[in-house]
Amino acid sequence: KDVPAHKIFEFVQKYGQGGFGEVWGCNHKETGEQYAIKRIALREAENKAGSTERMHRELQVFVRLENPYIVKLHEVLMDSTYLYLVMDICSGGDLAAYLYLYVD
């Protein structure tokens, strides 16, 4: 959808930042449901070599995968500045921290 995400979601907390953008914890304004939104700056992505191909591949993977152990992509939004990937929110820390604590 060509809609700014802030019209649909309340951005509550920034969880992290990476090469493709930022991940935010958000609440849907109408339903109150919680999601994680990966916000990707389109201009920055276009300037990085191969980044648009990487984004395209990531979206293709998300669309194809549906598994209870993989984060689900619910919606893709876009405005003139950002691409927004609306995904399941995962609480309890990251995989690296879990593996460090529980795997020998």
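Figured I'd write up the structure that's included with this text.

So, on to the sheet that holds strand 2 (residues 21–28). Across the sheet, which stays open at both edges, the five strands sit in the order 1-2-3-5-4 with antiparallel pairing between neighbours. Edge strands, defined here as strands with exactly one partner in the open sheet, are strand 1 (9–18) and strand 4 (73–78). Adjacent strand axes in the sheet meet at a mean angle of 25° when their direction is disregarded. Of the pairings in the sheet, the one linking strand 3 (residues 34–41) to strand 5 (residues 82–87) comprises six bridges and is antiparallel in character. Residue pairing in the sheet places Ala 36 in a bridge with Met 87 of strand 5.

What follows deals with the packing of aromatic side chains. The geometry of an aromatic ring pair is captured by two quantities: the separation of the ring centres and the angle between the planes. Counted under the stated rule, the structure contains four aromatic pairs. The interplanar angle of 75° and the centroid separation of 5.9 Å between the aromatic rings of Phe 11 and Trp 24 together place this pair among those described as edge-to-face. Remark: Trp 24 occurs in strand 2 and Phe 11 occurs in strand 1; sequence separation between them is 13 residues. Classification of Phe 11 as partly exposed rests on a relative accessible area of 24%. When the ring of Phe 11 is compared with that of Tyr 84, the centres are 6.3 Å apart and the planes differ by 65°; the resulting orientation is edge-to-face. With Phe 11 in strand 1 and Tyr 84 in strand 5, this residue pair connects regions lying 73 residues apart in the sequence. We classify Tyr 84 as buried; its relative accessible area is 4%. When the ring centre of Tyr 82 is taken as origin, the NZ or CZ atom of Arg 39, which lies over that ring, is 4.3 Å away.

Here is what the cut-offs are and how they apply
- Residues numbered from 1 in each chain as written.
- Predicted model: local features only at pLDDT ≥ 70, side-chain atom pairs only at ≥ 80, totals over all residues.
- Heavy atoms only, no water.
- Pairing = 2+ DSSP bridges.
- Helix = DSSP H or I, 4+ residues; strand = E, 2+ residues; numbered from the N terminus.
- Axes fitted to C-alpha atoms, helices over the stretch in contact; angles between N-to-C directions.
- Phe/Tyr/Trp six-rings, centres within 6.5 Å; stacked < 30°, edge-to-face > 60°.
- Buried < 20%, exposed > 50% of the residue type's maximum accessible area, 1.4 Å probe, protein only.
- Lys NZ or Arg CZ within 6 Å of the ring centre and 35° of its normal.

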